Amino acid sequence: MATDTAEPAASEEIKPIPVRHPGRWVAIGILAFLGIALGNSMASNSRFQWGVIRHFLFDDRILRGVVVTIELTLSAMAIGIALGVLLAVMRLSPNPIVASVSWVYIWLFRGTPVLVQILLWYNIAALYPRFSLGIPFGPTFAHFSAASVITPFVAGMLALGLNEGAYMAEIVRAGIVSVPEGQTQAAQSLGMTRLLTMRRIVLPQAMRVIIPPTGNETISMLKTTSLVSVIALSPPELLYAAQLIYFVNYRVIQLLLVACIWYLVLTTIATIGQYYVERHYARGASRELPDTPLQRLRRNLFTRRPATQEIAEASGERR
Amino acid sequence: MSPPMVKAEAVRKRFGRLEVLKGVSLEVEAGEVVCMIGPSGSGKSTFLRCINHLEKIDAGRLSVDGDLVGYHQVGDKIYEQRDAEVCRDRSEIGMVFQQFNLFGHMTALQNVIEAPVHVRKVPKKQAIAAAKVLLERVGLGHRLDNYPSQLSGGEQQRVAIARALAMGPKLMLFDEPTSALDPELVGEVLEVMKSLAFDFKTTMIVVTHEMGFAREAADRVLMMDDGKIIEEGPPEHFFTAPREERTKQFLSAIL
């Protein structure tokens, strides 16, 4: 790029004979053999009962379970992210009481197993059989029974969301402290308040650090929702939906594999989504964004050029 | 007579055990350009940051345009200002940093309109029009939509100056504005600053080691050492007959 400014005409292109890598071919051979052996054993082992798996993969009850799993994940993550931002900002507050309340929350919810929290929320009626809305020690406006408000779905959503809030708080806090001090000072010197600085300057830049682990948390949450199967949701989420079927027909392995396939589909979609969200928040951080895999594929498919030029292009300037 | 733009009386500031300002007194009149020189750690930057209350002073009095910085006085009682009041006062003082501190997630134009739109509540269209004029004035009319990472250091610093000017400040503070720049980029930033001094009669306090700039644009030069102003005078004084031994040493090291 920069080096060939002197006399481009005089410099001769290098066309070397590439180094051979026989070791790579050996490794490929071994892996291919193992892969074929595994595939063969899975295909020929009639106990897998692939037909059963295929039959239940798009069963209505399973599909409804997939939808409930997505609903649980999204609502729990929404609670978790909102709570996480709040707790992180509280944690960094100059008010020591506010900061320590945040610390205690994180200590409590991160320090106890999420499965136990799910069971506790499910059984909250034992502690508070009735809720009432009103002024403390004053008149009340409305009464609810715990059983009607805290349905199993709400118990699961609350348990997962409140637990997630503790983890998200740490992620958001790491993002906030990653933004250089100078950004805050510049904002302050322009007369921006603490809140405005946080909202307009710090949080948007913290996103670049916050997004990747949040994607991980979302993927992790998709799988963690399976714990909610212990409190008998209705309609059931994915794992419990599979369980309800195998309680009747005893095809335990087949239905667990069906659940696995759907969990994989969901996490794959979430992974792709994460890639694009990360890209969005990377703007301004690097001079030019690299092509997405799709753009690269399209470019390779639809533009033809001599091979050497392509190599030069790939290693040198883009576009 | 109108009060001086900046008036400091025996200002002291300590960080823990370290006393950084040991009684700084200074008056800057409206329209004046004052350069501060001195070795690193002598308190120049700290003093600048005290003027817009990025740092709190511990003793003495510091006022801008007749009003105490960060406090207000009723009778003989001094009250701490509320956050909103501090912010309002800061919005009238522009500051330019050594490390530019442009908002990384915003384009040059967005950087400049941010404070007018969100602090002053200027309508966005009007802010954009004003920002374009300012960016044109610092020679960056063609760089409106570039992010800071796509700009050179000199361009970033000029955007930072435009960003500060967008609030129509009555006082501009420059904290070593050219120290982080490649030598060949220093000139373009100094040109913009000179134009502020000559064409717009902006009141400026500039912490800098650019003696060429001081000679051309400054009305007064102050030499700081160990938390105090040890010598002051017109720029020629420092080139021809510096009085203090410490000043002579320092000048011979940087010139």
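The model shown is predicted, which means the values in this text are computed figures rather than measured ones.

A tally of regular secondary structure across chain B gives nine helices and twelve strands. Here chain B has a C-alpha radius of gyration of 18 Å; the compact-globule value for 255 residues is 18 Å, and the two agree. For chain B, buried positions account for 54% of its 255 residues. Only carbon and sulfur atoms are counted for the fraction: they give 48% of the accessible area of chain B, which is about 11300 Å². Averaged over its 32 positive side-chain charges, chain B has a centre that lies 5 Å from the centre of its 36 negative ones.

Moving on, we come to the sheet that holds strand E5 (residues 67-68) of chain B. Strand pairing in a sheet takes place through backbone hydrogen bonds and is either antiparallel or parallel in direction. All names here are of chain B. Here we have four strands laid out as an open sheet, ordered E2-E1-E4-E5, and antiparallel in their pairing. The open sheet terminates on both sides in strands that have one partner only, identified here as strand E2 (18-28) and E5. Across the sheet, helix H1 (residues 44-51) is in contact with strand E1 (6-15), E2 and strand E4 (59-64); its angle to E2 comes to roughly 60°.

In this section: the interface of chain A and chain B. Taken together, the contacts link 22 residues of chain A with 26 residues of chain B. Roughly 2100 Å² is buried in total at the junction of chain A and chain B, and carbon and sulfur atoms are behind 56% of that figure. Run the count over chain A and chain B and you get one salt bridge. Between Glu114(B) and Arg200(A) there is a salt bridge; the shortest N-O distance is 2.8 Å. Put simply, chain A and chain B have seven residue pairs in polar contact (both at pLDDT 80 or more) between them. Elements supplying a minimum of two residues to the side of chain A that touches chain B: helix H8 (181-189) and helix H9 (194-224) of chain A. Per element, the largest residue contribution to the side of chain A that touches chain B is seven residues, and it comes from H8(A). A per-class count over the side of chain A that touches chain B returns eight nonpolar, ten polar and four charged.

This part takes up the packing of helix H3 (residues 60-91) of chain A against helix H7 (residues 152-178) of chain A. Residues and elements named next belong to chain A. One can describe the packing of H3 onto H7 by two numbers: an axis separation of 5 Å at closest approach and a directional angle of 45°. Considering the angle they form, H3 stands oblique to H7. When you trace H3 past H7, the crossing you get is right-handed. The residue inventory of the contact of H3 with H7, partitioned by class, reads 19 nonpolar, six polar and five charged.

Strand residues, when the strand is regular, have side chains that alternate between the two faces of the sheet. Residues and elements named next belong to chain A. Judged from the five bridges that link them, strand E1 (residues 130-134) and strand E2 (residues 140-145) form a sheet pairing that is antiparallel. In the strand pairing of E2, Phe131 is matched with Phe144. Where E1 folds back on E2, the antiparallel hairpin that results is connected by five residues, among which Phe137 adopts a positive phi of roughly 60°.

To continue, consider a nonpolar patch on the surface. Residues and elements named next belong to chain A. Taken together, Ile272, Tyr275, Tyr276, Leu294, Leu297, Leu301 and Phe302 make up a surface patch of nonpolar side chains, about 720 Å² in accessible area. If you list the elements that add at least two residues to the nonpolar patch, you get helix H11 (252-281) and helix H12 (293-302). When residues of the nonpolar patch are assigned to their parent elements, the largest contribution, four residues, is made by H12. Take Phe302: it is sitting in helix H12.

All names here are of chain A. The contact between helix H2 (residues 50-57) and H11 brings their axes to 9 Å, and the two run at 55°. What the angle tells us is that H2 and H11 run oblique. Considering the relative orientation of H2 and H11, their crossing is right-handed. Between H2, through Val52, Ile53, Phe56 and Leu57, and H11, the contact on the second element is made entirely by Gln254, Leu255, Leu257, Val258, Ile261 and Trp262.

All names here are of chain B. Judged by nonpolar contacts, the single largest core of 48 residues is most densely connected at Leu135, Ile161, Phe174, Met193 and Met204. Residues within four places of Phe174 in sequence aside, it is in contact with Leu48, Val96, Ile161, Met193, Leu196, Met204, Ile205, Val206 and Val207. By size, the runner-up hydrophobic cluster in this structure holds 38 residues, among which are Val11, Val28, Val69 and Met167.

This part is about the sheet that holds strand E11 (residues 220-225) of chain B. All names here are of chain B. The strand order E8-E9-E10-E3-E11-E12 describes an open sheet built from six strands, whose pairing is mixed. Since the sheet does not close on itself, it has two edges, and those belong to strand E8 (93-96) and strand E12 (228-233), each with one partner. Geometrically, the sheet is characterised by an average inter-axis angle of 20° between neighbouring strands, direction not taken into account. Two elements, strand E3 (residues 33-37) and strand E10 (residues 204-207), share four bridges in a ladder whose sense is parallel. Its bridge partner being in E10, Met36 is matched across the sheet by Val207.

This paragraph deals with H1(B). Residue and element names in this part refer to chain B. By the criterion of burial, H1 is predominantly enclosed, with seven of the eight residues buried. Those residues of H1 that sit buried are Lys44, Thr46, Phe47, Leu48, Arg49, Cys50 and Ile51. His53 occupies a position one or two residues after H1 and carries a positive phi of about 65°.

Before going further, it helps to examine the packing of aromatic side chains. Pairs of aromatic rings are described using the distance from one ring centre to the other and the angle between the two planes. The tally for this structure, following the rule as stated, stands at six aromatic pairs over all chains. With a centroid separation of 4.3 Å and an interplanar angle of 15°, the aromatic rings of Tyr105(A) and Phe109(A) are classed as stacked. Residue Tyr105(A) and its partner Phe109(A) are both found in helix H4 (residues 96-110); the two are separated by four residues, about one turn of the helix. Comparing Tyr105(A) with Phe109(A) shows no difference in burial state: the two are buried. Ring centres of Tyr275(A) and Tyr276(A) lie 5.3 Å apart, and the angle between their planes is 85°; on these two criteria the pair is classed as edge-to-face. Directly above the ring of Phe239(B) sits Arg215(B), whose terminal nitrogen or CZ lies 4.0 Å from the centroid.

A few words on the confidence of the model for chain B. All names here are of chain B. Per-residue pLDDT for chain B has a mean of 92; in total, 100% of the residues score no lower than 70. The lowest-confidence element of chain B is helix H8 (residues 235-240), averaging 87 in pLDDT; the highest-confidence one is helix H3 (residues 108-118), averaging 96. The ipTM assigned to the predicted complex is 0.91, against a pTM of 0.78.

Topologically, Gln205(A) is positioned in helix H9. Its relative accessible area of 16% is what places Gln205(A) among the buried residues. What Gln205(A) contacts, discounting residues up to four positions off in sequence, is Val179(A), Gln183(A), Gly104(B) and His105(B).

About the cut-offs
- Residues numbered from 1 in each chain as written.
- Chains lettered and ligands numbered in written order.
- Predicted model: local features only at pLDDT ≥ 70, side-chain atom pairs only at ≥ 80, totals over all residues.
- Heavy atoms only, no water.
- Helix = DSSP H or I, 4+ residues; strand = E, 2+ residues; numbered from the N terminus.
- Rg over C-alpha atoms; globule rule 2.2 N^0.38 Å.
- Buried < 20%, exposed > 50% of the residue type's maximum accessible area, 1.4 Å probe, protein only.
- Areas by Shrake-Rupley, 256 points an atom, 1.4 Å probe, with all protein chains shown as cover.
- Lys, Arg positive; Asp, Glu negative; His and termini not counted.
- Charge placed at Lys NZ, Arg CZ, Asp CG, Glu CD.
- Pairing = 2+ DSSP bridges.
- Contact = heavy atoms within 4.5 Å.
- Axes fitted to C-alpha atoms, helices over the stretch in contact; angles between N-to-C directions.
- Buried area = accessible area lost by both parts, 1.4 Å probe.
- Salt bridge = Lys/Arg side-chain N within 4 Å of Asp/Glu carboxyl O.
- Polar contact = N/O pair within 3.5 Å; in protein donor to acceptor, adjacent residues only side chain to side chain.
- Nonpolar A, V, L, I, M, F, W, Y, C, P; charged D, E, K, R; others polar.
- Parallel < 35°, antiparallel > 145°, perpendicular 65-115°, else oblique.
- Left-handed = near helix turned anticlockwise from the far one by under 90°.
- Patch = residues over 30% accessible without salt bridge, like charges linked within 9 Å, V, L, I, M, F, W, Y side chains within 5 Å.
- Core = buried A, V, L, I, M, F, W, Y, C linked by side-chain atoms within 4.5 Å.
- Phe/Tyr/Trp six-rings, centres within 6.5 Å; stacked < 30°, edge-to-face > 60°.
- Lys NZ or Arg CZ within 6 Å of the ring centre and 35° of its normal.
- pLDDT = per-residue confidence, 0-100.

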